[in-house]
Amino acid sequence: MTFPTKNKKLLDWVDEITALCEPEEVYFCNGSEEEFNQLAQQLVEKGTFKRLSDAKRPNSYWAHSDPKDVARVEGRTFICSEREEDAGPTNNWSDPAEMKSTMTNLYRGSMRGRTMYVIPFMMGPVGSPFSLVGVEITDSAYVVCNMRIMATMGAPVLEALGEDGDFVHSLHSVGSPLAEGQDDVAWPCNPDNIFISHFPETREIWSFGSGYGGNALLGKKCLALRIASVMARDEGWLAEHMLLLKLTSPRGEVHYVTGAFPSACGKTNLAMLVPTLPGWKVETLGDDICWLRVGEDGRLWGLNPEAGFFGVAPGTSYSTNPSAMETFTSNTIFTNTALTADGDVWWEGMDGERPDNLTDWTGKPYDPDSGKPAAHPNARFTVSAAQCPQIAAEWQDPRGVPISAMLFGGRRRTLAPLVTEAYSWEHGVFLGSTMASETTAAAVGAVGNLRRDPFAMLPFCGYHMADYFGHWLKFAERKDLKLPRVYLVNWFRKDENNRFIWPGYGENSRVLAWIVDRLEGRADAQETPLGLVPKAGELDLDGVALAPGATKDSLFAIDRADLLAEVEAIASHYAQFGDRLPARLAEELSALRARAQV
Ligand code: SAT
Ligand code: MN
C-alpha cells in the first residue's frame, strides 16, 4: 500500500500499529467530503448511523451508543508520567512501562476484522504557529466522521507534517475484534477494559475500549488539554478548558472574554449568548478549549484549537440557545438523542411538546411512563463551528485574539455570588484553584455532588495540579504583562424552594455588561470577603425575572456560616497538595479566613 506521506516517523508508526493490532485493512484518511459521505454511508449500512430526514435535517446522522459507553470515564483516565509525583493527587497515575505493557496486550489483535483508519489532524488553524499536529489511528469510522468535524484533516496537515515533522501519536481502538464471519454490532466497544492513557513526557495518547466523545476523539480533551497543558507548562503558555467569545458594547468597545466552566455547565450557551440587553452583541470563537499565549504586546492571546462543537443536546432550545439550534440544522452528527417518527432528533428541553412515537436513545420505542428521559443527559451534537450564525469573523485568526477578562464558574446552589471580581491576578488564581461545582452527566458517576474542580481542569490537567497553580501564578511575576481581569460567576444559585434565582442564558449579558463597565473604568465595585461585587445600582437588573420573591441580595448575599464552612473546605482541598501548594495560595486562604472572621 502507498500512503500520501513520506514522513518516516508516521510510516514506521503505521507499520508498528498494523503489526500489533492486525487490522483487516489500513485506510489513510484524506479528510474530503466524499470520504466523509462514503464512511457515513457504510455506518448507515452497519446500523451505527441512521440518516435523518433530508427534509428536516439535511446531511445529518443519528447514532446511539452502547448503554455502557455514554460519557468520559474519569476513573479509567490515566496520566502515566515517569514519576508518580508529577501526576499529582488529582490524577490516576500508572507507571508508563507497566501501562504500555498492559495496553499492548489489549491492542494485540484488537482490530482484527476491522479497518484501521489513519487520521492526520491539526488542532488550531492552518498556518498558525500555535497549531499542533496529531495523528490518530483508530478502528472506528464513527470517530473518523466526528474528527473531520472537530479538527482540520487532510492535505494541509500532511504538508505541515512534512517529511520529518513530529506529531502527537494518538492511538485508539474500540477493543472489539471480529472473528472470521462474526457479525459486527452497531456500537462496538469494550466497556470492561477502558483505558484512556496519556504519556506526557513522550506526548503520546493510548485509548482503548470506548468509542464515545472525549474518550475517542483524541484531538479534544486528550491532546488539546491533557497533553497540551504539559507542553504549555514547559513552554510558558496555557491550555485551558474555556470558551472564547467576543463582546461588543453599544459604544462599540470590543472585548474578548474566556470562560472556564466544568463540562455541561453552559459553556456552549454562554459562547453563543444572545444578549437581552439592547445594543450588546456576542460573537462566538470557541465553546470548550482555549490556548492562551503571551503576545508581543504583553497581553494574553487566546485561540480555539477546535474546528467544531461537541455540545450537550438536552436543554438546548430556541429559548436557551437559538444559535446552537441554527448551527445544527444540517451536516450534524447526533449521538444518544431521541429520534422522532419522521426522522428528526428530539431531546428533553427542546421547544414545543414532546412528539409521540419517539425512539429513545437506546434505540427502543420510548415509553413516556417509564420516568426515564428519551435522550441521554449527555447526548451530544457534533457540528462544524463555521455553521454557527454568530461565529466571529476572526475565529480562525492564526494569532488568536487579545483577552480582556476571564470568567471562572460552576454550578453552586449556595455561597458563590452571581459575579465577583478578583482583587488581583493572584487572587484570581486562588478563585480558579478553589472552584467547585455540582457534578453532571458529562462524566460517568453520580450527578449533583459538589466537588472541587480547579479551573474546570480537574479531569483535564496533564500534570500535578499544584504545579499547574504555580504555573498560573508565574504570569504575575512578569511585570511586562497586561493580564486579563478575573471574575468568578455563578448562574446556578437556588432559593430555599430549590428554584434557580437567576434566569441565566441571554440575561447573563447583564453580568458581561458590568464586566465591560469595570474594564472601561465606568462601574464601581464593593469589597466582600470573596471579592469585588457590583455596587448598588451598578448591575442593570431592570426587568429581569428573578425567582419569585428574590432580590439582588438573593444573588449576592454571603452567608457567614457558609463562608466559614467554605474556608475549611478549601483548607482540606488544599491539604491534598501538601508542601507542593504554592505559598501564595496558602496566603490567599489566610487572607480569606481573616476577611471571613471580621
Ligand atoms: O470530554 S467530552 O468531549 O466527551 C465532553 C466534555 O466532557 O466536555
Ligand atoms: Mn468540555
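Read on for a plain summary of the structure. In this text, all values refer to a predicted model and were calculated from it rather than measured experimentally.

**Quick word on the pairing of strand S28 (residues 525–528)**
So, step 1. Here S28 runs beside strand S29 (residues 531–534); their pairing, made up of four bridges, is antiparallel. Following the sheet pairing, glutamate 527 is matched in S29 by leucine 532.
So, step 2. Adjacent in sequence and paired antiparallel, S28 and S29 are bridged by two residues.

**A short note on the coordination of the manganese ion (ligand 2)**
So, step 1. Donor atoms from the polypeptide that coordinate the manganese ion (ligand 2) comprise Lys221 (NZ), His241 (NE2) and Asp288 (OD), at 2.0 to 2.2 Å from the metal.
So, step 2. Each donor residue of the manganese ion (ligand 2) belongs to the same chain, with the gaps between them written as K-x19-H-x46-D. Taken as a pair, histidine 241 in the loop between strand S12 (238–240) and strand S13 (242–248) and aspartate 288 in the loop between strand S15 (281–286) and strand S16 (290–294) lie far apart in primary sequence, 47 residues in all.
So, step 3. Judged by its relative accessible area of 0%, histidine 241 is buried.

**Observations concerning the site of ligand 1**
So, step 1. Close contacts around ligand 1 come from Arg72, Gly213, Gly214, Lys220, Lys221, Ser263, Phe310, Arg380 and Ala442, and that covers them all.
So, step 2. Arginine 72 places a polar side-chain atom, nitrogen or oxygen, 2.7 Å from an oxygen atom of ligand 1.
So, step 3. Residue serine 263 places a side-chain N or O atom 2.8 Å away from an oxygen atom belonging to ligand 1.
So, step 4. If you list the elements that add at least two residues to the shell around ligand 1, you get helix H6 (213–216) and helix H7 (219–235).

**What about helix H1 (residues 8–21)?**
For an α-helix, the turn length of 3.6 residues means that residues three or four places apart are oriented alike.
So, step 1. Compared with the 20 Å implied by 1.5 Å per residue over 14 residues, the 20 Å span of H1 between its first and last C-alpha is a close match.
So, step 2. Among all positions of H1, only Leu10, Trp13, Val14, Ile17, Leu20 and Cys21 are buried. For H1, the angular spread of buried residues about the axis comes to 130°, placing them on one side. Every exposed residue of H1 that faces more than 90 degrees away from the buried side is listed here: Lys8, Glu16 and Ala19.
So, step 3. Looking at the buried positions of H1, the neighbouring elements they touch are strand S1 (25–28), helix H3 (96–107), strand S6 (115–123), strand S7 (132–138), helix H5 (155–161) and strand S9 (168–173).
So, step 4. Where H1 begins, the capping side chain belongs to asparagine 7, and its oxygen is found 3.2 Å from the backbone nitrogen of lysine 9.
So, step 5. Positive backbone phi, approximately 55°, marks glutamate 22, located one or two places after H1.

**Quick notes on the sheet that holds strand S18 (residues 308–312)**
So, step 1. Reading across from one edge, S2-S3-S19-S22-S18 is the order of the five strands in this open sheet, with mixed pairing throughout. Each of the sheet's edge strands pairs with one partner strand only, and the pair in question is strand S2 (49–51) and S18. Between one strand axis and the next, the sheet turns by 20° as a mean value, whatever way the strands run.
So, step 2. Pairing geometry for strand S3 (residues 61–63) and strand S19 (residues 333–335), over three bridges, is parallel. Among the inter-strand pairings, tryptophan 62 is bridged to a residue of S19, identified as phenylalanine 334.
So, step 3. In this fold helix H2 (residues 33–46) packs onto S2, S3 and S19, with an angle of close to 105° to the strand it touches most, S2.

**Re H7**
So, step 1. Over its 17 residues, H7 extends only 20 Å from the first C-alpha to the last, a length that falls short of the 24 Å expected when each residue adds 1.5 Å.
So, step 2. Helix geometry: H7 is bent most strongly at alanine 228, by close to 45°.
So, step 3. With 14 of 17 residues buried, H7 is to be regarded as a mostly interior element.
So, step 4. Looking one or two residues beyond H7, the residue adopting positive phi is glycine 236, at roughly 85°.

Thresholds, definitions, all that
Residues numbered from 1 in each chain as written. Chains lettered and ligands numbered in written order. Predicted model: local features only at pLDDT ≥ 70, side-chain atom pairs only at ≥ 80, totals over all residues. Heavy atoms only, no water. Pairing = 2+ DSSP bridges. Helix = DSSP H or I, 4+ residues; strand = E, 2+ residues; numbered from the N terminus. Donors = N, O, S within 2.8 Å, 3.2 Å for Na, K, Ca; no water. Buried < 20%, exposed > 50% of the residue type's maximum accessible area, 1.4 Å probe, protein only. Near = heavy atom within 4 Å. Polar contact = N/O pair within 3.5 Å; in protein donor to acceptor, adjacent residues only side chain to side chain. Expected span 1.5 Å × (residues − 1). Arc of directions from axis to C-beta. Contact = heavy atoms within 4.5 Å. Axes fitted to C-alpha atoms, helices over the stretch in contact; angles between N-to-C directions. Bend = angle between axes of the 7 residues up to and from the residue.

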